[in-house]
Amino acid sequence: MPPGLQCFLRERGAPRATNAGAVPPENTVKDDRFMGIDIDYIRSNIENFELISVSTNKVYRFTGGHDKYILKIGHESTDALSPFWWGIKEVFGSTFDTQRDNIEDTLLLLDNPHIQTARFVMKSHRHKFIVFQETEGRHYEPDEFPRGDWMGYQLGQFIGCIHSKQYDYFGHQASRFRSGFKEKMLYAMSAIIKEYWADSQAVHDYYGKIRHMDISPASYSLIMPDISANQFVFDEGFSSIKAVVDFDAYVMGPREWELSVIEMCLENCGAFKQGYEQYGPLPNLHGHRDFYRFFMYLCDPWEKQDLASFMSRNIQF
Ligand SMILES: Nc1ncnc2c1ncn2[C@@H]1O[C@H](COP(=O)(O)OP(=O)(O)O)[C@@H](O)[C@H]1O
Ligand SMILES: [Mg+2]
């Protein structure tokens, strides 16, 4: 049995926290279709579930009644977060726990006519898991989206629609900040540099450049800062997107951030722009792109890609 699971099962017997106010109530399944899928069912059967991926979460597939489900168990320790998740916590106050707490609201905010969201079934705060219905569709491993104008157009409509709703705060539903965005980003970047990039002169020089950029966002929208193809599932021929399935990183943040990242994952942004602009003009990324790309660059200190080519790759918007 994987060690995380032993831990999960062992915790099952742990007493409830005495400070009831600090622990959100365990979710009960209200939809009749999902009756029978509860903590006891999961506990009794988890050893037979199929482990389909281990990354930020341990992701399992299982069948209950006539339906297929996806169980995600938080797997990154809050004491040893990767640079990306640590930065998301510092800048937005968002953690795996707050994302799980707010999942119902996030899904409501993501309601749109272009790409469906995986259907939420239940969650457990005590056991740090969340269950969705499995969306029929194909997994795609690379960050870059499969080619195809329809897919780019559909993605553009989806993100344009979500970006058309704007807010005067960054953070998340329960933790709203109205000022200090750039300062928080600079703090996160300098801490990541100190920890992971101390010996890179190119990184120090680049930081010296971006820290003077005037990025001041005029408003914020719901964004996925690490948007890439593997956060979605696709139709059989990889010509359209069936659903968004990963909600861990959604935060209220600057639209320019998400657009600077998605630009790197699309071969031809023309169709994306057409779809996006059904909802409003695409923000100008000039004067913003370098700031957000540099943050994303810092978050992968293991591969140590060439900084100059990362920053100039696939500039399309
Ligand atoms: N509700 C779902 N329906 C179908 N497939 C899913 C669902 N949730 C996750 N998956 C599959 O599992 C993979 C990993 O899930 P994800 O939420 O992205 O976890 P992580 O980012 O921790 O790896 C996805 O790329 C997708 O292929
Ligand atoms: Mg993912």
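On a predicted model such as this, the values are computed, not experimentally measured, just so you know.

What counts, and where the lines are drawn
Residues numbered from 1 in each chain as written. Chains lettered and ligands numbered in written order. Predicted model: local features only at pLDDT ≥ 70, side-chain atom pairs only at ≥ 80, totals over all residues. Core = buried A, V, L, I, M, F, W, Y, C linked by C-beta atoms within 7 Å. Buried ≥ 20, exposed ≤ 12 C-beta atoms within 10 Å, placed from the backbone. Helix = DSSP H or I, 4+ residues; strand = E, 2+ residues; numbered from the N terminus. Contact = placed C-beta atoms within 7 Å. Near = placed C-beta within 6 Å. Nonpolar A, V, L, I, M, F, W, Y, C, P; charged D, E, K, R; others polar. Pairing = 2+ DSSP bridges. Axes fitted to C-alpha atoms, helices over the stretch in contact; angles between N-to-C directions. Parallel < 35°, antiparallel > 145°, perpendicular 65-115°, else oblique. Left-handed = near helix turned anticlockwise from the far one by under 90°.

A.B. asks: I keep staring at the nonpolar core and nothing clicks. Help me out?
C.D. replies: Inside soluble globular proteins, nonpolar side chains tend to come together where they are buried. Core analysis: the biggest nonpolar cluster contains 70 residues, and L71, V131 and L298 have the highest contact counts within it. Of all the elements, helix 6 (residues 149-163) adds the most residues to this core, at seven residues. Among residues more than four places away in sequence, those in contact with L298 are P83, M189, I192, I193 and W197.

A.B. asks: Hey, could you run me through the site of ligand 1 in this one?
C.D. replies: In the vicinity of ligand 1 there are 18 residues, among which S55, T56, A118, H139 and D246 approach most closely. Secondary structure elements with two or more residues in the shell around ligand 1: strand 1 (50-54), strand 2 (57-64) and strand 3 (67-74). Here the shell around ligand 1 is built from residues that sort into seven nonpolar, eight polar and three charged.

A.B. asks: Quick question: what am I supposed to make of the sheet that holds strand 5 (residues 120-124) here?
C.D. replies: One key point about sheets: their strands pair by backbone hydrogen bonds, in either a parallel or an antiparallel sense. Pairing in this open sheet of five strands is antiparallel, and the strands run 1-2-3-6-5 from one edge to the other. On the outer flanks of this sheet lie strand 1 and strand 5, each paired with one strand and no other. Strand-to-strand, the axes of this sheet are offset by a mean angle of 20 degrees, without reference to chain direction. Relative to strand 6 (residues 129-133), strand 3 runs antiparallel, the two being bridged by five bridges.

A.B. asks: Teacher, can you tell me more about the packing of helix 3 (residues 83-92) against helix 7 (residues 181-196) here?
C.D. replies: A pair of packed helices is characterised by two quantities: the angle between their axes and the separation of those axes. Between helix 3 and helix 7, the least distance of the axes is 9 Å, while the angle of their chain directions is 150 degrees. The orientation of helix 3 relative to helix 7 falls into the category roughly antiparallel. Read as a crossing pair, helix 3 and helix 7 show a hand that is right-handed. Seen from helix 3, the contacting residues are P83, G87, E90 and V91; seen from helix 7, they are K184, M185, Y187, A188, I192 and Y196.

A.B. asks: Just to check I follow, could you spell out the sheet that holds strand 4 (residues 116-117) for this structure?
C.D. replies: A sheet is described by the order of its strands in space; here three strands give the open sequence 4-11-10, paired in mixed fashion. Of all the strands in the sheet, the pair left with one neighbour each is strand 4 and strand 10 (232-234). Relative to strand 11 (residues 241-244), strand 10 runs antiparallel, the two sharing three bridges. For F234, the partnering residue across the bridge sits in strand 11 and is I241.

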